[in-house]
Amino acid sequence: MPIKNQIKQSLIIAFWFMILTFPIMVIKVNTIRHTIDFRWANFLWVGIVTFFASMIWNYFLRRNEEQKKTDIADDIPLIHKLLQNDRFRRPFLGLVAAFFIAYPFVFPMYHTSIMISALVYVMLGLGLNIVVGLAGLLDLGYVAFYAVGAYAYALLNLHFGLSFWVVLPMSAFLGTLFGVLLGYPVLRLRGDYLAIVTLGFGEIIRIVLENWDDFSNGPRGIGDIPAPSFFGHQFGQHDAMIYMYFIVIGLVLMTIFFVHRLEHSKIGRAWIALRDDEIACQAMGIDKFKTKLTAFALGATWAAMGGVVFAAKTSFINPMSFTIWESITILCVVVIGGMGSAIGVIAGALVLILLPEYLRAVAEYRMLVFGALQVIVMVFKPDGLIKSVRKVYTFKAREE
Amino acid sequence: MEPILNVTNLTMNFGGLKALDDVTIRLEKGQIAALIGPNGAGKTTFFNCITGIYEPTTGEVQITPPGKNTQSLKGLKPNYVTERGIARTFQNIRLFHGMTVLENVLIGRHCRLSSGIIKAMLQPPSQKKEEKKAVFDSYEILEKIGLAKYVNDMAVNLPYGAQRRLEIARALATDPFLLLLDEPAAGMNPQETKELDDLILWLRDNENVSILLIEHDMKLVMSLSDWIHVVDYGKKIAEGTPADIKANPDVIKAYLGEESDDA
Ligand SMILES: Nc1ncnc2c1ncn2[C@@H]1O[C@H](COP(=O)(O)OP(=O)(O)O)[C@@H](O)[C@H]1O
Ligand SMILES: [Mg+2]
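Criteria and thresholds
- Residues numbered from 1 in each chain as written.
- Chains lettered and ligands numbered in written order.
- Predicted model: local features only at pLDDT ≥ 70, side-chain atom pairs only at ≥ 80, totals over all residues.
- Heavy atoms only, no water.
- Helix = DSSP H or I, 4+ residues; strand = E, 2+ residues; numbered from the N terminus.
- Buried < 20%, exposed > 50% of the residue type's maximum accessible area, 1.4 Å probe, protein only.
- Contact = heavy atoms within 4.5 Å.
- Areas by Shrake-Rupley, 256 points an atom, 1.4 Å probe, with all protein chains shown as cover.
- Lys, Arg positive; Asp, Glu negative; His and termini not counted.
- Charge placed at Lys NZ, Arg CZ, Asp CG, Glu CD.
- Buried area = accessible area lost by both parts, 1.4 Å probe.
- Salt bridge = Lys/Arg side-chain N within 4 Å of Asp/Glu carboxyl O.
- Polar contact = N/O pair within 3.5 Å; in protein donor to acceptor, adjacent residues only side chain to side chain.
- Nonpolar A, V, L, I, M, F, W, Y, C, P; charged D, E, K, R; others polar.
- Disulfide = S-S within 2.5 Å.
- Pairing = 2+ DSSP bridges.
- Domains from an automatic or database assignment.
- Core = buried A, V, L, I, M, F, W, Y, C linked by side-chain atoms within 4.5 Å.
- Donors = N, O, S within 2.8 Å, 3.2 Å for Na, K, Ca; no water.
- Near = heavy atom within 4 Å.
- Patch = residues over 30% accessible without salt bridge, like charges linked within 9 Å, V, L, I, M, F, W, Y side chains within 5 Å.

What chain B contains, in helices and strands, is 10 helices and 10 strands. For chain B, the proportion of its 263 residues judged to be buried stands at 55%. Within chain B, contacts between residues separated by at least 24 positions form 68% of all contacts whose residues are at least 6 apart in sequence. Summed over all atoms, the accessible surface of chain B reaches about 11,100 Å², with 50% contributed by carbon and sulfur. Each charge class in chain B can be summarised by its mean position, and for the 29 positive and 35 negative side chains these summaries are 7 Å apart.

This brings us to the interface of chain A and chain B. Counting from both sides, the interface comprises 33 residues of chain A and, opposite them, 43 residues of chain B. Carbon and sulfur atoms make up 63% of the surface buried where chain A meets chain B, a total of about 3,500 Å² over both sides. Taken as a group, Lys266(A), Arg269(A) and Met284(A) account for 22% of the area that chain A buries against chain B, more than any other trio of residues on that side. The partner of Glu131(B) in a salt bridge is Arg269(A), with the nearest N and O atoms 2.7 Å apart. On inspection of chain A and its partner chain B, the count reaches 11 residue pairs in polar contact (both at pLDDT 80 or more). Secondary structure elements with two or more residues in the side of chain A that touches chain B: helix 11 (237-263), helix 12 (266-276), helix 13 (278-283) and helix 14 (288-314) of chain A. When residues of the side of chain A that touches chain B are assigned to their parent elements, the largest contribution, eight residues, is made by helix 12 of chain A. By residue class, the composition of the side of chain A that touches chain B is 18 nonpolar, five polar and 10 charged.

As used in these notes, a disulfide is a covalent bond between sulfur atoms, one from each of two cysteines. Counting across every chain of the model gives zero disulfides over all chains. Here Cys281(A) is not disulfide-linked; the sulfur of Cys111(B) is the nearest cysteine sulfur, at 11 Å. Its relative accessible area of 0% is what places Cys281(A) among the buried residues.

So, on to the sheet that holds strand 1 (residues 5-14) of chain B. All names here are of chain B. The strand order across the open sheet built from four strands is 2-1-4-5, with neighbouring strands paired in antiparallel fashion. The open sheet terminates on both sides in strands that have one partner only, identified here as strand 2 (17-27) and strand 5 (71-72). By the bridge criterion, two bridges tie strand 4 (residues 58-63) to strand 5 in an arrangement that is antiparallel. Among the inter-strand pairings, Gln 62 is bridged to a residue of strand 5, identified as Ser 72.

Attention shifts here to the domain arrangement of chain A. Residues and elements named next belong to chain A. For chain A, the assigned domains are domain 1 (3-70) and domain 2 (107-380). Of the roughly 370 Å² buried between domain 1 and domain 2, counting both surfaces, carbon and sulfur atoms make up 78%. Area buried by domain 1 at its contact with domain 2 is led by Trp 57, Leu 61 and Asn 64, which between them contribute 88% of it. For the pair domain 1 and domain 2, the interface holds zero salt bridges. The tally of links between domain 1 and domain 2 comes to zero residue pairs in polar contact (both at pLDDT 80 or more). Here the side of domain 1 that touches domain 2 is composed, by residue class, of three nonpolar, one polar and no charged.

Take the nonpolar core next. In terms of nonpolar packing, the biggest core is built from 105 residues, with Leu119(A), Phe164(A), Trp271(A), Trp302(A), Ile317(A) and Phe322(A) touching the most fellow members. The element contributing the most residues to this core is helix 6 (residues 109-134) of chain A, with 16 residues. Ranked by size, the runner-up nonpolar core spans 51 residues in total, among them Leu102(B), Val151(B), Ala162(B) and Ile211(B).

Residue and element names in this part refer to chain B. Protein-derived coordination of the magnesium ion (ligand 2) comes from Thr 44 (OG1) and Gln 91 (OE1), at a distance range of 1.9 to 2.1 Å. A residue pair is termed long-range when its members are at least 10 positions apart, and Thr 44 in helix 1 (residues 43-50) and Gln 91 in the loop between strand 6 (86-88) and helix 3 (101-109) qualify at 47 residues. A residue is classified by how much of its surface remains accessible, and Thr 44, at 25% relative accessible area, is partly exposed. A relative accessible area of 30% places Gln 91 in the partly exposed class.

Residues and elements named next belong to chain B. One non-glycine residue, Asn 9, adopts positive backbone phi at about 50°. Here Asn 9 is to be found in strand 1. Backbone geometry at Asn 208 places phi at a positive 60°, although glycine is not the residue there. By the element assignment, Asn 208 lies in the loop between helix 7 (190-207) and strand 8 (210-214). Looking at Asn 208, the relative accessible area reads 58%, which means it is exposed.

Now for the site of ligand 1. Residue and element names in this part refer to chain B. Neighbouring residues of ligand 1: Phe 14, Leu 17, Ala 19, Asn 39, Gly 40, Ala 41, Gly 42, Lys 43, Thr 44, Thr 45 and Tyr 54. Gly 42 is positioned with one of its backbone polar atoms (N or O) 3.0 Å from an oxygen atom of ligand 1. A distance of 2.6 Å separates an oxygen atom of ligand 1 from a polar atom in the side chain of Thr 45. Burial of ligand 1 by the protein chains amounts to 63% of its free accessible area of 570 Å². When residues in the shell around ligand 1 are grouped by element, the largest group, three residues, is from helix 1. Residue classes in the shell around ligand 1 are distributed as five nonpolar, five polar and one charged.

Attention now goes to a nonpolar patch on the surface. A contiguous nonpolar patch, built from Leu44(A), Trp45(A), Ile48(A), Val49(A), Phe52(A), Ile56(A), Tyr59(A) and Phe60(A) and spanning about 830 Å² of accessible area, is present on the exposed surface. The residue Phe52(A) is located in helix 3 (residues 40-70) in this model.

What follows is about the domain arrangement of chain B. Residue and element names in this part refer to chain B. Taken domain by domain, chain B consists of domain 1 (1-85 + 176-263) and domain 2 (95-171). Computed over C-alpha atoms, the centres of domain 1 and domain 2 are 27 Å apart. Each partner contributes residues to the interface: domain 1 has 19 residues there, and domain 2 has 10 residues. Contact between domain 1 and domain 2 buries roughly 1,200 Å² in total, counting both sides, with carbon and sulfur atoms accounting for 64%. When the area that domain 1 buries against domain 2 is broken down by residue, the three leading residues are Glu 83, Met 188 and Leu 199, summing to 32%. Salt-bridge contacts for Glu 195 lead to Arg 165; the nearest nitrogen and oxygen are separated by 4.0 Å. On the surface where domain 1 and domain 2 come into contact, there are five residue pairs in polar contact (both at pLDDT 80 or more). Taken together, the elements giving at least two residues each to the side of domain 1 that touches domain 2 come down to helix 2 (78-83), strand 7 (178-182) and helix 7. If you tally residues by element for the side of domain 1 that touches domain 2, the top one is helix 7, at seven residues.

Okay, here's the thing in structure tokens:
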């Protein structure tokens, strides 16, 4: 598009926005003096800002298009290049490890606490990534399994005194079980229908927790959930936080380890094939339903473990922690980070969870910012911040 | 000897439309047979009925895999049909975009691998060995089909002709005794078509597969096929050797006539 047309278009957009925002940005009714103030300066500002925003937007769109034309082959994300290069991999991973190990000792407890939350989202994101990113099943009720894990720990501890370390593996099993139970009826649906039904299921679990007073203590929730112990030893508040931090780091590493293995195994390939083309996938001998169910159940496994960690960390849970917004936040982590890309999801979780914590001003508009980010990412980087890269196999030249 | 594929009185209705009407087709072991007919005649529907993507309204589909008993495919889901040894390609290429060429072929191996989820996570030696062998076998198939140089490329980035060959490679990876090819030469240039001709013959002679192909390229059909079935408006109107078919007045009227005008 020639520059002249672009200016024209941006002018039109700016003008349109000026009219659109006129009632809220310009007109101000003074209820005390019964007068109407016209804030014409705002009028001008809206126009100017929209004009430049539109110009910049167009500029990036064009640059993006041109880039696509020039380098099709060379689109491997920088971080993958770093990790594939032997010279950089070690020092890079060393730096990352050093940072995360030093983190709780360098920064105050408040920051450690926030980092734990973010890391739980890394776990949740990696779990949901199996369902949405790899298998292509839009699951809007993921939070249900998170709740299952959290309530499993809270209730089993309350009634039977079971400790964190006992419940953690149990919750993994429970998550899988619930994944299968919920997945069985709904996975026959496709696309949008699946999204709506899973959304419904997620809400059902929350509403049950809210109303089944005898079981879950209703909206009052459950308190005094103990932090994890260290071979029977219970730490003081500060040390407990640091301990929790390293448990979560361990769990995240375990998640990365297993998810990576799954992704590049027979079952992981089947997930991706199913996402790409259901019919061809079945024609290649893959059981569609079983493959979907495994994805759904494995995703639930990690959500439930995340739930246990969440309960142990906050020491209080109630149904309000498991609303649809939680599902959507986790979904944003996956989509913005990069569908199907583990590194992308990790980056997505850290960015999306840490940013609002530190930019308190933004926190209120969290969903607005997520939405805007979503649009920007979808337009400029449809594969997410860090897109997925498939494994490269090497073959020695065979002698004939 | 029993035919390896025995389709009797197959009928497929879509609402009021009879896409297939009482079609009977047999295929002998080692045969290259062609299924021809004008567009919309019901050829792809025939493939879909055999492979379990559609469930035929009436009729019977039986197979006799080499060295095994005769069995019915009726009501089986597509993945079970593939497990029983029938593989196919698609008229409109359906490769897996998010995967490399090698992984596309690996998907074909899927139903011949046994390791489950637990093994995938723990990776015991048996799983590693199986995975390694699967990768090796898939690479070998790519070498045979002539796609080894693309092994780590994303499937979507391949040239068109190579994508069609990759579909064949992927189908071959499922260890079929019968290969169904839906318009494998569509969109290929004469050079690529020639190579496809060689490939199909080579497959029959060296991989022990019988082949049923749908094709519009008459030169290819006539030179390759041992036997030709002709359908028109869902009905089978003729079958025979290429020479018979060329001489059959019904066929000329329904199909070859229009084609040979502009050829
Ligand atoms: N799923 C379907 N639903 C309704 N009609 C269909 C369906 N699949 C195929 N048909 C119809 O069946 C007829 C045969 O189609 P097809 O088998 O694709 O023909 P071709 O011989 O060109 O491969 C066409 O009229 C087509 O519109
Ligand atoms: Mg067709």
